[in-house]
Structures are given as C-alpha cells and as structure tokens.
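Architecture at a glance
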Amino acid sequence: MRFGQRLAAAVAEHGPLCVGIDPHPALLDAWGLPRDVSGLERFALTCVEAFGGHVAAVKPQAAFFEAHGSRGVAVLERVVADLRGSGTLVLVDAKRGDIGSTMAAYAAAYLTEGSPLAGDAVTLSPYLGFGSLDPALEAARASGRGVFVLALTSNPEGSSVQRAVGSDGRSVAQSIIDEAARRNAGADPLGDVGLVVGATVGDLGVDLSHLRGPVLAPGFGAQGATAADLRAVFGRELPGVLPTSSRDVLRHGPGSAALRSAAASARDSLAL
Ligand SMILES: O=c1ccn([C@@H]2O[C@H](COP(=O)(O)O)[C@@H](O)[C@H]2O)c(=O)[nH]1
C-alpha cells in the first residue's frame, strides 16, 4: 500500500494524532535519566513501548539522536525498526534539503527499502527549490513511502521567508503547496507528498484545497496551539491534518501507561 493510503488507514484506526519523540536533555532530567546515550536509549524505547500500536504515527526528531553521535543514530535506527514492527507509522523528522545530487543520497538513507534510517516518511526542506527534492520524491514513490515538505512552519521566524510574495503574486508557501499538489494530482484518498503547516500560524492565508495530501501540524501543545486553534487555522481542511505533539505528551513520562494515556487525551481533545 502507498504511504497516503497507509496514513489514512492509521488515522481511521487510531485517530488523528502523531506523537513526537524529542529526547530533550531537560526531559531526560525530568525522567531521572542520565544525559547520555544510555538515557537516550531508555527514553526512546519507553516511548516505543508507550506509543507503538496505539497512535497513528510517531515522529522521532533526528536532531536529538544525532546529538549523541553514531551511538545515538543507532538508537534512532532501533526506534524506527521497533515502531515499524509494531505497525505504527514512523515519520522521521530530519528536515533534509540539498542540491538534487545530494538529495539522492538523503533519499537512499531515509526513503529506500533496507536502509536502517528509512521510516515511512521523512520531513524535507524545499528552500533550495522544490525541484531539488525530486530525487527524494521519486525514491518515496518507488518504495511506497512519503515526504512532508516544510511550507509554513510553526516558529515565528518562518513567516518572513515563507509568506514573502514572489513575482507571480504567490507567497513562497503557496508556491510550495502548489508544487506538492501537482505531484499528488489524481491520488485517492491521499498522495504521498505531504506538507508541514504549523498549528500556530494563525490566519492560514494559503489555499490547501487542491493538495490531496496529508498536512503535518506541529505546534499543538507545548508551542501553545490548542484543538480550537487547529480548527480555526485549518477550517474545512482539518480532516486531512495530522497534529503532532512532543513535549506536551512526553512531560507525562517516565511511565509508559501515563505516556499512552496523555497521548489518548491529546487525541480525544481534537475530537471535541
Ligand atoms: O514547523 C515545524 C516543523 C517541525 N517541528 C518539530 O515538531 C516538534 C515539535 O515539538 P513540541 O515539543 O511539540 O513543540 C519538534 O521536533 C520540532 O522540531 C516544529 O515544531 N515546527
């Protein structure tokens, strides 16, 4: 099954929530774990136990694993394998973006069957030009995986770049959305080219109605966006949106039952 179909099925089964695994040093402290690779591993595997098989998708943030060097990356590889083994979709948040020839190498790492870092999808940055991502989009198509391309990010610094208007009158974000929509044309129910649009962006100011792809919405929880904000930002596009929350769920650890229950509460709040 293609990524868009698998994501739609996962959301139908578990509800629209992605939980992030972001092993911040402060969270390792709060969980009583050492700030080293053994603490990272314990943290990450507790999350796997808590969320695997219980939420639609999990988003490990690669940066927190890379911060521990090759042994940290090995933990990320185990997280990817174990979550996929549990049937939970894995969105690796690595925000890769480069010239096309280098994108092919990132695609080999994150989107190619048999690579230990290949989850079900990866986040990509289009700011070297959307076309530079084509090797990754091709690899995703070939392996039944997906991508989430940054369009309107949740951080306040993003809008000066992403809302800038080009010579054709479209904002940068709208041109990224339109490129993604072109790649998803004809997909049913969802194509494999998703976007990242923060739950914190306020007035959306872009048209997502032709996307035919999933929207990953960070900013829900710790960055201040609520379920009401998600409804206000996305309106009738909300059914295609996958809110993602990391710290606001992870602060309920280290018990895996409490983590799972926090994820369920976050998901249920979205249905109100
Ligand atoms: O626009 C973006 C894109 C990605 N992120 C990532 O999502 C999580 C958010 O963590 P919280 O603890 O829920 O704030 C984190 O990994 C970011 O790198 C984002 O926040 N905004």
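Residues numbered from 1 in each chain as written. Predicted model: local features only at pLDDT ≥ 70, side-chain atom pairs only at ≥ 80, totals over all residues. Heavy atoms only, no water.

1. Observations concerning the sheet that holds strand S4 (residues 121-124)
Pairing within the closed barrel is parallel, and its eight strands lie in the order S1-S2-S3-S4-S5-S6-S7-S8. Neighbour-to-neighbour, the strand axes of this sheet turn through a mean angle of 30°, independent of strand direction. Where strand S7 (residues 215-217) lies against strand S8 (residues 241-245), three bridges are found, and the strand directions are parallel. When the bridges of S8 are listed, Ala 217 appears paired with Pro 243. (Pairing = 2+ DSSP bridges. Helix = DSSP H or I, 4+ residues; strand = E, 2+ residues; numbered from the N terminus. Axes fitted to C-alpha atoms, helices over the stretch in contact; angles between N-to-C directions.)

2. Things to note about the packing of helix H3 (residues 37-51) against helix H5 (residues 69-85)
Two elements in contact, H3 and H5, have axes separated by 10 Å at closest approach and are oriented at 10°. Judged by the angle between their axes, H3 and H5 are roughly parallel. Together, Val 37, Leu 40, Glu 41, Ala 44, Leu 45 and Val 48 of H3 and Arg 71, Gly 72, Val 75, Arg 78, Val 79, Asp 82 and Leu 83 of H5 make up the contact between the two elements. Here the residues of the contact of H3 with H5 are counted per class, giving eight nonpolar, one polar and four charged. (Parallel < 35°, antiparallel > 145°, perpendicular 65-115°, else oblique. Contact = heavy atoms within 4.5 Å. Nonpolar A, V, L, I, M, F, W, Y, C, P; charged D, E, K, R; others polar.)

3. Looking at the nonpolar core
Ranked by size, the top nonpolar core spans 73 residues in total, and within it Phe 51, Leu 195 and Phe 234 carry the most contacts. When residues of this core are assigned to their parent elements, the largest contribution, eight residues, is made by H3. Counting residues in each nonpolar core, the second largest holds 14 residues, with Phe 3, Ala 10, Ala 56 and Leu 216 among its members. (Core = buried A, V, L, I, M, F, W, Y, C linked by side-chain atoms within 4.5 Å. Buried < 20%, exposed > 50% of the residue type's maximum accessible area, 1.4 Å probe, protein only.)

4. Points about the packing of aromatic side chains
As enumerated under the stated definition, the model contains two aromatic pairs in all. With 5.9 Å between their ring centres and 90° between their planes, Phe 3 and Phe 148 make a pair best called edge-to-face. With Phe 3 in helix H1 (residues 3-14) and Phe 148 in strand S5 (residues 146-152), the pair connects residues that are 145 residues apart, well separated along the chain. Aromatic side chains Trp 31 and Phe 43 sit 3.9 Å apart centroid to centroid with 25° between the ring planes, which places their arrangement in the stacked category. Of this pair, Trp 31 sits in the loop between helix H2 (25-30) and H3 while Phe 43 sits in helix H3; the two residues are twelve residues apart in sequence, bridging distant segments of the chain. Considered together, Trp 31 and Phe 43 belong to a single accessibility category, that of buried residues. (Phe/Tyr/Trp six-rings, centres within 6.5 Å; stacked < 30°, edge-to-face > 60°.)

5. Quick word on the layout of surface pockets
Of the voids in this model, the largest pocket is the one considered here, and its volume is about 410 Å³. Lining the largest pocket are 24 residues; nearest its centre among them are Lys 59, Asp 93, Ser 154, Pro 218 and Gln 223. Listing elements by their share of the lining of the largest pocket, those giving two or more residues are helix H4 (62-66), strand S3 (89-96) and S8. In terms of residue class, the lining of the largest pocket is made up of eight nonpolar, eleven polar and five charged. Looking at the second largest pocket, its volume works out to about 220 Å³. Among the elements of the structure, helix H7 (134-143) and helix H9 (172-184) are those that each provide at least two residues to the lining of the second largest pocket. Element by element, the count of residues in the lining of the second largest pocket is highest for H7, at three residues. (1 Å grid on protein atoms, 1.4 Å probe; cavity = no way out; pocket = protein on both sides within 12 Å on 5 of 7 lines; lining within 4 Å. Points joined across faces, edges and corners; volume = space filled by probe spheres on them.)

6. Describing the side chain of Ser 246
Within the secondary structure, Ser 246 is located in the loop between S8 and helix H11 (247-250). By relative accessible area, Ser 246 is classed as buried at 13%. Reaching out from Ser 246, the side chain makes a polar contact with the side chain of Asp 22 at a distance of 3.0 Å. When near neighbours in sequence (up to four residues on either side) are disregarded, Ser 246 contacts Gly 20 and Asp 22. (Polar contact = N/O pair within 3.5 Å; in protein donor to acceptor, adjacent residues only side chain to side chain.)

7. Let's talk about the site of the ligand
In the vicinity of the ligand lie 13 residues, with Asp 22, Ser 154, Gln 223, Ser 246 and Arg 247 positioned nearest. Measuring from an oxygen atom of the ligand, one finds a backbone N or O atom of Ser 246 at 2.9 Å. Within the side chain of Arg 247, a nitrogen or oxygen atom sits 2.6 Å from an oxygen atom of the ligand. When the ligand sits alone it has 460 Å² of accessible area, and the protein chains cover 87% of it. Assessed atom by atom at 2 Å from the grid points, the ligand resides in the largest pocket. Within the shell around the ligand, the residues separate by chemical class into two nonpolar, six polar and five charged. (Near = heavy atom within 4 Å. Areas by Shrake-Rupley, 256 points an atom, 1.4 Å probe, with all protein chains shown as cover. Sits in = over half its atoms within 2 Å of the grid points.)

8. Comments concerning the confidence of the model for the protein
With 100% of its residues at a pLDDT of 70 or more, the protein has an overall mean of 97. Two numbers describe this predicted complex: its pTM, 0.98, and its ipTM, 0.99. (pLDDT = per-residue confidence, 0-100.)

9. Some remarks on the pattern of salt bridges
Enumeration over the complete set of coordinates arrives at 17 salt bridges. Taking the shortest distance from any N to any O, the salt bridge between Arg 78 and Glu 41 comes out at 3.9 Å. Separated by 37 residues along the polypeptide, Arg 78 in helix H5 and Glu 41 in helix H3 bring together distant segments of the chain. A salt bridge links Arg 78 to Asp 82, with the shortest nitrogen-to-oxygen separation between them at 3.2 Å. Here Asp 82 and Arg 78 lie together in helix H5, a separation of four residues that amounts to about one turn. Under the relative-accessibility criterion, Arg 78 is labelled partly exposed at 43%. Each of Asp 134, Glu 179, Arg 182 and Arg 183 takes part in one network of salt bridges that share partners. (Salt bridge = Lys/Arg side-chain N within 4 Å of Asp/Glu carboxyl O.)

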